[in-house]
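Listed here are the chains, written in short residue letters.
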Amino acid sequence: MEKTEGGLGKFLDTLTSASNRPLAYYLDICTRCGACTHACHFYEASGERIHAPAYRAELLRRLLRKRKNLIGRFFPWFVEAKDPDDSFLDELERAMWECTGCRRCAVYCPFDIDAAWFISLGRKALLELKRGPEILVELADADIQKGEMVDFLKEMYVERIKEIEERLRKEFSPSLRITVEQEGSRVLYVPLAGEHTIVPAAKLFHAANESWTLSLFTASNYAFFLGDAERAKKMAGNIVKEAKELGVKVVAFPECGHATRTLFKFWDEWFGELPFERVSILQLIDQYMKQGRIRLKKGILKDPVTYHDPCNLGRNSGLYEEPRKVLNIISTDFREMNPNRKRNWCCGGGGGLVAVPELKKVRMKAGKMKVEQIKRVGAKIVVTACENCLLQLRDLNEHYGLGVEIRSLLDLTAQALQVDRDSA
Amino acid sequence: MSGKGRASALSPLEYLLLYITPYISVTVFVGGIFYKLHGWFSAPRTSIKLTIHPAPQNEVSKVISTLSDLLVFADLMRSNFSLWLGAWSMHLGLFMALIGHIRMFYDYLAALGIPAETAEKISHTGGGIAGILFMTPLFYLFARRWGGIIKELSTPEDYFDLFLLIAIAVTGNHMRFFQHVNLEELQTYFMGLFTFTQAPPPKSGGLLFLLHYALVQLLMVYLPFGRISHLIGGYFSKHLTKR
């Protein structure tokens, strides 16, 4: 992370020009009661003030008060309104980037103040000063470029998919089909970069006899982690355009926390009315089960199983029960960690942190609360439904020597599918 | 304090606090609230949903959910029990005391046909409980700001607020427990303010009344512009996560 390089004006402009209702409330009504401090897994693990959610927000608020608030302008010392200097920015940088945006703090706050809302703004502003993990910026740039070169890459991609299809026809079912951007399909499935998000989905859709096709794009949105609404919208816009051109009825997102959250919570703001339904693959699994289109083998997992609610799928999107229904069928010993669902502890891998090598130490420390939960529940298999959680939990497993298996729900579902192998 | 029944026998400071500043404080208070609301509502709405799940499904249950959460500080109760205990009892005491204060402007107890002596007892007991309930947690809330992460979070404003509230509570409780402040004198004085005539200040209130009154006016002038605006803004902020 680099030092301040000119652009302080741009940094301050970015902060002061942001104007929306949530920010307006959050700027004034925080009473600094500190209820949020014990909500944050970073703070619980480190005890450092920069990890207390209200403190993170306060750093930005102190800058904003100097410019936006009456008392802040005329009596700045009263509300600690200030101008940024290098040491302030050093602290701010850590406070903004050592956060997963899980919003557990908003649950604890008496006013539901969303500190992650500040994180988003702070990251965007800090990047004007080049204060932030370069790799995230590079990943976001690469994704945007890929979006622009999509026709050029299409042939290569289709070839690769054909190979996967061949393999699955031999291993799974001879009539399995994977198409790419097929017009007239009902469902457009947008995977992540990795065949582990395509293979189990293909099996699922085949078993459910679904009319589906694969997107050329991936669901993950690195610009989102940068607080860059413009570029995040541009990346998601590729998928919207594709879906409209193909005339699909449903856009289905994979096991990706932040992408699913943007699908349900941000796309309305970015795109307005859309001519298709938006679902998570978890909801499709649930629908197929309810409609009797798929059947799952009962009790195939003999070891104790638990489920880790990804913050972005759980408290931020509401998908609590769908994975549990599956797990209750396919396992003989399903156990809940405590707390779970809304108050579940974040694994520490969100907010783009899993992709940043220099933040590994921090996120291993931040995962402490999660590790203790896993130890207490005594499960041998920890299931989750978010790619970043998967990676983080696997790292935690190794780092803390937990000796558990980390599995994806979609993968387990595909494994448990009852399929008539002779169907043509 | 002189106050021998004629307003002109008061010192300039007393005169200022009794007959000039009250109008200013009320105006600044009401105007300030509108200014604050205007500031909040002129910020553009966003259709980005900040939902915290599970969230109620229809509009009515959303409003009820927000209100009931705020009434008992439900989230705080589950998040930090000792803070909840302090904060909720303090606010409860405050609102009980405020309801009692209405009797200075409009005697609802008399309007309900309750005889003066009984009303006096109700005010004394209820007001006494309210006063203790309001004042005691303030010391706890103040003390916790002197160490740990709460100290790092706190700004000078936070200490000022608590100090101001403690001073208001102590002066108010002194009048409640150790002085017999005559309700009629209070009513006469305030009626004078409403009618823009200068009625004499409550003699039985003495210096402590003046102090309490001045502190409350200071609170009114400051409230809309500081963090105590959470009294108004808290509802809107909380409601965002129900959408």
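Look up: the structure comes first, before these words.
Below is a short write-up of the structure. Fair warning: this is a prediction, and the values are worked out from it, not measured in the lab.

Reading the values: the criteria
- Residues numbered from 1 in each chain as written.
- Chains lettered and ligands numbered in written order.
- Predicted model: local features only at pLDDT ≥ 70, side-chain atom pairs only at ≥ 80, totals over all residues.
- Heavy atoms only, no water.
- Pairing = 2+ DSSP bridges.
- Helix = DSSP H or I, 4+ residues; strand = E, 2+ residues; numbered from the N terminus.
- Contact = heavy atoms within 4.5 Å.
- Axes fitted to C-alpha atoms, helices over the stretch in contact; angles between N-to-C directions.
- Buried area = accessible area lost by both parts, 1.4 Å probe.
- Salt bridge = Lys/Arg side-chain N within 4 Å of Asp/Glu carboxyl O.
- Polar contact = N/O pair within 3.5 Å; in protein donor to acceptor, adjacent residues only side chain to side chain.
- Nonpolar A, V, L, I, M, F, W, Y, C, P; charged D, E, K, R; others polar.
- Phe/Tyr/Trp six-rings, centres within 6.5 Å; stacked < 30°, edge-to-face > 60°.
- Buried < 20%, exposed > 50% of the residue type's maximum accessible area, 1.4 Å probe, protein only.

**Quick notes on the sheet that holds strand 5 (residues 305-307) of chain A**
In a beta sheet, neighbouring strands pair by backbone hydrogen bonds and run either parallel or antiparallel.
All names here are of chain A.
Then, number 1: Here we have four strands laid out as an open sheet, ordered 6-5-7-8, and parallel in their pairing. The sheet is open, and its two borders are formed by strand 6 (334-335) and strand 8 (405-408), each paired with just one other strand.
Then, number 2: Across four bridges, the pairing between strand 7 (residues 381-384) and strand 8 is parallel. Bridge pairing in strand 8 places Val383 opposite Arg407.
Then, number 3: Each of strand 7 and strand 8 touches helix 21 (residues 409-416); the most contacted strand, strand 8, lies at about 80° to it.

**Observations regarding the sheet that holds strand 3 (residues 250-253) of chain A**
All names here are of chain A.
Then, number 1: Strand order in this open sheet of four strands is 2-1-3-4, and the pairing throughout is parallel. Of all the strands in the sheet, the pair left with one neighbour each is strand 2 (212-214) and strand 4 (277-280). Between one strand axis and the next, the sheet turns through 25° on average, direction left out of account.
Then, number 2: In this sheet, strand 4 lies alongside strand 3 in parallel orientation, the contact comprising four bridges.

**Concerning the interface of chain A and chain B**
Then, number 1: Across the contact, 56 residues belong to chain A and 47 residues belong to chain B.
Then, number 2: Both sides of the chain A and chain B interface together cover about 4,700 Å² of buried area, and 58% of this is carbon and sulfur.
Then, number 3: The interface formed by chain A and chain B holds six salt bridges in total.
Then, number 4: Between Lys36 of chain B and Asp28 of chain A there is a salt bridge whose closest N-O contact spans 3.1 Å.
Then, number 5: Linking chain A with chain B are 31 residue pairs in polar contact (both at pLDDT 80 or more).
Then, number 6: When residues in the side of chain A that touches chain B are grouped by element, the largest group, seven residues, is from helix 2 (residues 21-29) of chain A.
Then, number 7: When grouped by side-chain class, the residues that make up the side of chain A that touches chain B number 28 nonpolar, ten polar and 18 charged.

**Quick word on the packing of aromatic side chains**
Then, number 1: Counted by the stated rule, this structure contains 37 aromatic pairs over all chains.
Then, number 2: Relative to Phe225 of chain B, the ring of Tyr35 of chain B lies with its centre 5.9 Å away and its plane at 45°, an arrangement referred to as tilted. Of this pair, Tyr35 of chain B sits in helix 1 (residues 12-41) while Phe225 of chain B is found in the loop between helix 10 (206-222) and helix 11 (230-239), placing the two residues 190 residues apart along the sequence.
Then, number 3: Its relative accessible area of 18% is what places Phe225 of chain B among the buried residues.
Then, number 4: Here the aromatic residues Tyr222, Phe224, Phe225, Phe253, Phe266, Trp267, Trp270 and Phe271 of chain A are joined through ring pairs into a cluster of three or more.

**Considerations on the environment of Tyr35 of chain B**
Then, number 1: The exposure class assigned to Tyr35 of chain B is partly exposed, which follows from its relative accessible area of 39%.
Then, number 2: Counting along the chain gives 190 residues from Tyr35 of chain B to Phe225 of chain B, while the straight-line C-alpha distance between them is 9.0 Å.
Then, number 3: Not counting the four nearest positions on each side in its chain, Tyr35 of chain B is found in contact with Leu70 of chain A together with Phe225 of chain B.

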